[in-house]
Amino acid sequence: MSAMRMKILVLPGDGIGPEVAAQAVRVLRVIGRRFGHVIDCAEAPIGGAAIRLTGSPLPEGTKRLAQDADATLLGAVGCPEFDAYPPARRPERGLLELRSLMGVYANLRPVRAVPSLLNASPLKPDIVSGTDLIVVRELTAGLYYGKPHGIFGRGAETRAVDTMTYTRGEIERVARVAFDLALARRQHVTSVDKANVLENSQLWRHVVTEVAREYPAVTLTHLYVDNCAMQLIIRPTQFDVLLTENLFGDILSDEAAVLAGSIGMLPSASLGDVRPSGVRTGLYEPVHGSAPDIAGRNVANPLGAIGSVAAMFDFGFGLKDEAIAIEQAVEGVIARGIATADIAGDSRPATTTEVGDAVCAALEASHARVVDRPAARAVV
Ligand code: NAD
């Protein structure tokens, strides 16, 4: 693939968001230099930071930039000072609106057990070892978006309503993302539902089974969500691609985070349709939130944010070499014991910036090796 020009929008957000996003942007720039891409970065406010500036968690200017960008990189949103605000005016609303505006309907969360971090997981190393799965969560429909929703009535008659609704089309398009991914992996999709109770899940199972017929090379297994929650900690290595609706995926992907040792490690990609340019619409962000308990101290793990840059090159631009270079640099840094407090164990914890320094240095060093020995290109 030849060098590209990319317009990237960076939304640092709240809490540890700006700290981890800064390290992700450094990695982005190193990759740009190393692979010859021209990367134009713009920055805009979202979440609590945007409310303070404009009164809105997703200002018009941010919306315009997100629609114009080839890819959007987010830190995190959410701050305690807005906890008492009604849901429609809270920082998190900015992110929900952004996902909906961008039409990013498939949320991908890869979870891999890194050998040198097996002891960081609360599960036994022999259970976690070999885990390599990806959760594909439907992101723009279901219970989080269905109408009506709200709290109605008064006193003893007060009633809360959330509506779960899915159309055939909404299920088909996210299922295709999961099956396409499985083709390039170990050809196994596990679809999660609660078809023994929910009408939504019956439609989900029916449509996913239909889509599976287009992919004869891929094996499809159906699992109830309660069993899936159990299987994830009993035998996580059985999973390749885990396909879920919005709410189930939200919960299961946080559970899966435990397998990787820390939620700070996990990247995510939220994907929409492929544009005429060939680039897939995408929002890339670490799985974790704004972690107000550790914000402003330069101690947050930036690897989820840095991994999200790898996801951007892989899923958004189809540039696998760039993604692999980042993943290998990250694994090398962890193997050398350079790690923030959440995964450092008994070693001296590194700061957020030190981890960013180490990943950038590893990327520059591997580039130097490639330039010295062009034949080594394939193994970088
Ligand atoms: P959280 O992910 O922010 O934090 C959970 C725990 O994990 C905390 O103990 C935190 O210190 C730790 N943690 C998280 N990221 C870490 C990192 N990179 N390095 C080291 N430790 C890390 O979840 P929460 O506490 O439930 O939510 C805090 C705020 O974030 C809330 O306002 C919530 O709504 C918001 N939130 C935002 C997103 C998002 O932006 N996508 C996702 C989840 C939560």
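My aim in this report is to walk through the structure given alongside it, one point at a time.

**Structural notes on the site of the ligand**
- Close contacts around the ligand come from 20 residues, with E92, G289, A291, D293 and N301 the closest.
- E92 places a side-chain nitrogen or oxygen 2.4 Å from an oxygen atom of the ligand.
- In this structure, E285 approaches the ligand through a side-chain N or O atom, which is 3.1 Å from a nitrogen atom.
- Taken by itself the ligand offers 810 Å² of open surface, and the protein chains cover 67% of this.
- Per-class residue counts for the shell around the ligand are ten nonpolar, six polar and four charged.

**Points about the packing of helix α8 (residues 225-234) against helix α9 (residues 246-257)**
- In the contact formed by α8 and α9, the axes pass within 10 Å of each other and the chain directions differ by 15 degrees. With respect to their mutual orientation, α8 and α9 come out roughly parallel. α8 and α9 meet at a crossing whose hand is right-handed. Residues V225, C228, A229, L232 and I233 of α8 form the contact with α9, whose own contacting residues are F248, L252, E255 and A256.
- Each residue belonging to the contact of α8 with α9 can be placed in one class, and the counts come to eight nonpolar, no polar and one charged.

**Things to note about helix α10 (residues 303-316)**
- If you check α10, its first and last C-alpha atoms are 19 Å apart, about what 14 residues at 1.5 Å a residue would give, namely 20 Å.
- The element α10 is extensively covered by neighbouring structure, given that 14 of its 14 residues are classed as buried.
- In the segment just after α10, G318 is the residue with positive phi, at about 65 degrees.

What counts and how
- Residues numbered from 1 in each chain as written.
- Predicted model: local features only at pLDDT ≥ 70, side-chain atom pairs only at ≥ 80, totals over all residues.
- Heavy atoms only, no water.
- Near = heavy atom within 4 Å.
- Polar contact = N/O pair within 3.5 Å; in protein donor to acceptor, adjacent residues only side chain to side chain.
- Areas by Shrake-Rupley, 256 points an atom, 1.4 Å probe, with all protein chains shown as cover.
- Nonpolar A, V, L, I, M, F, W, Y, C, P; charged D, E, K, R; others polar.
- Axes fitted to C-alpha atoms, helices over the stretch in contact; angles between N-to-C directions.
- Helix = DSSP H or I, 4+ residues; strand = E, 2+ residues; numbered from the N terminus.
- Parallel < 35°, antiparallel > 145°, perpendicular 65-115°, else oblique.
- Left-handed = near helix turned anticlockwise from the far one by under 90°.
- Contact = heavy atoms within 4.5 Å.
- Expected span 1.5 Å × (residues − 1).
- Buried < 20%, exposed > 50% of the residue type's maximum accessible area, 1.4 Å probe, protein only.

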